[in-house]
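Structural description and commentary
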2 protein chains.
Amino acid sequence: MAQVKLLGFWYSPFTHRVEWALKIKGVEYEYIEEDRNNKSPLLLQSNPIHKKTPVLIHNGKPICESMIILEYIDETFEGPSILPKDPYDRALARFWAKFLDDKVAAVVNTFLRKGEEQEKGKEEVCEMLKVLDNELKDNKKFFVGNKFGYADMAANLMGLWLGVFQEASGVALVTSENFPNFYTWRDEYINCSQVKDYLPPRNDELLAFFKSRVQAAAPK
Amino acid sequence: MAQVKLLGFWYSPFTHRVEWALKIKGVEYEYIEEDRNNKSPLLLQSNPIHKKTPVLIHNGKPICESMIILEYIDETFEGPSILPKDPYDRALARFWAKFLDDKVAAVVNTFLRKGEEQEKGKEEVCEMLKVLDNELKDNKKFFVGNKFGYADMAANLMGLWLGVFQEASGVALVTSENFPNFYTWRDEYINCSQVKDYLPPRNDELLAFFKSRVQAAAPK
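Note that the coordinates shown come from a computational prediction; the quantities given were computed from them, not determined experimentally.

The next point concerns the packing of helix α8 (residues 156-169) of chain B against helix α9 (residues 180-191) of chain B. Residues and elements named next belong to chain B. Closest axis-to-axis distance for the α8/α9 pair is 10 Å, and the angle between their directions is 85°. Our classification of the angle between α8 and α9 gives roughly perpendicular. Along the contact surface, α8 presents Asn156, Met158, Gly159, Leu160, Leu162 and Gly163, while α9 presents Phe182, Trp185, Arg186, Tyr189 and Ile190. Of the residues belonging to the contact of α8 with α9, the class tally is seven nonpolar, three polar and one charged.

Written out as structure tokens, the structure is:
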């Protein structure tokens, strides 16, 4: 039997992407929760360059970076596909996944930082939301084709965590008025079966966790 | 016959990655040089979100982002493979390509900007060089396995352009003493047959071009 371990943080969208892919494929795995203040020797040894989660360990070999892990899972295990089959659709899925991930720092700065960093973050995130709002018009549900997949998994930060961040920080960047298509998409995203089955089970804990992160970032 | 067009800048490492992949695969293509100060309607329409080169247009459909284009080319055309076949090696190649591309802004800031941006850029690039210097020890020639491929193409900014940037700007970040393994790798990189055949033909022009860019960034 292949031995699969996942090192992650329970509150992290990046860890959840990988859990999602493993569940879709029906891969059995051992989940190991990391402590961000005291990372395990296994994590430091498995991802010596970034020292970050998630890390997938398959047959003793570590794979790092959530979207790269998703490609690995798709190429390694049987089961429903994560990336589309057609090369052009695959390129589109990778384009949107990259677009979404290129703005992770800006999202973090917007909700979990203060001052100049936060203002710069907000600007960038609003630019990003404009693009997404346009892309998701006409009640578009999935980024590529009519099947939930790779780019939609990459969108979990915007589809799910953004709402928690807004509530935790009091920064209300998205309303039904300023980004109506994105707002509608997000509502459906959270409620679609592929996401519901995968939602972090502890929504209140998630909110409490990010509230404490916001608090820690507030000026003393 | 498939119709392939490439929109690019002659001086850009990102454009050259795509040309490289097309040449390796033996794909015939029409190269269209863009004007950075007056981008063509075809470019703006093909990459409306980023408005950047390179863009590959295949049978009328645009594909954006150099490393995504490389995956598309590898999946679409016959010929020598660009990514390794083994899923774990593919993940490693993608890891190094992402590692290299995540620092593009820092490299640009180091050599083509001034002041605080430049100092922050230098710090980041030195951190990156430390990692690369360690990775490339024991006279390692290729990032994954013993074949030139995806990650090595992503490394063209560091393998080739960095030297031009250093000469154009006078910022001598890499010497044979501070990053000896990287230095040796770079020397072999520039001289290996896969790179030599692909080197931009106009080295003096490249240097003159980036000298003018450095000049334009200098404080007035």
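On to the relation of the copies chain A and chain B. Placing chain A over chain B gives an RMSD of 0.0 Å and needs a rotation angle of 180°, together with 0.0 Å of translation along the axis. Within this description, the copies of the chain are treated as partners about a two-fold rotation axis. No C-alpha of chain A approaches the rotation axis more nearly than that of Asp102(A), which lies at 4.6 Å. Interface residue correspondence from chain A to chain B reaches 100%, placing this contact among same-surface, isologous pairings.

Note on pairing: side chains with opposite charge can pair once their charged atoms come close. What the rule picks out here adds up to 25 salt bridges over all chains. Residues Arg94(A) and Glu75(B) are paired through a salt bridge, measuring 3.2 Å at the closest nitrogen-oxygen approach. In this pair, Arg94(A) is assigned in helix α4 (residues 87-101) and Glu75(B) in helix α3 (residues 66-76), connecting two distinct chains. Arg94(A) sits in the buried class, given a relative accessible area of 6%. Measuring nitrogen to oxygen at the nearest pair gives 2.7 Å for the salt bridge that ties Glu135(A) to Lys140(A).

On to the interface of chain A and chain B, then. Interface size is commonly expressed as the accessible area that is lost once the parts come together. Of the residues lining the interface, 22 residues belong to chain A; the matching set on chain B comes to 22 residues. Both sides of the chain A and chain B interface together cover about 2200 Å² of buried area, and 72% of this is carbon and sulfur. Counting across the chain A and chain B interface gives seven salt bridges. Between Glu71(A) and Arg94(B) there is a salt bridge, with its nearest N and O atoms 3.3 Å apart. Taken together, the links from chain A to chain B amount to eight residue pairs in polar contact (both at pLDDT 80 or more).

The rules behind these values
- Residues numbered from 1 in each chain as written.
- Chains lettered and ligands numbered in written order.
- Predicted model: local features only at pLDDT ≥ 70, side-chain atom pairs only at ≥ 80, totals over all residues.
- Heavy atoms only, no water.
- Axes fitted to C-alpha atoms, helices over the stretch in contact; angles between N-to-C directions.
- Helix = DSSP H or I, 4+ residues; strand = E, 2+ residues; numbered from the N terminus.
- Parallel < 35°, antiparallel > 145°, perpendicular 65-115°, else oblique.
- Contact = heavy atoms within 4.5 Å.
- Nonpolar A, V, L, I, M, F, W, Y, C, P; charged D, E, K, R; others polar.
- Least-squares fit on C-alpha atoms with pLDDT ≥ 70 in both.
- Salt bridge = Lys/Arg side-chain N within 4 Å of Asp/Glu carboxyl O.
- Buried < 20%, exposed > 50% of the residue type's maximum accessible area, 1.4 Å probe, protein only.
- Buried area = accessible area lost by both parts, 1.4 Å probe.
- Polar contact = N/O pair within 3.5 Å; in protein donor to acceptor, adjacent residues only side chain to side chain.

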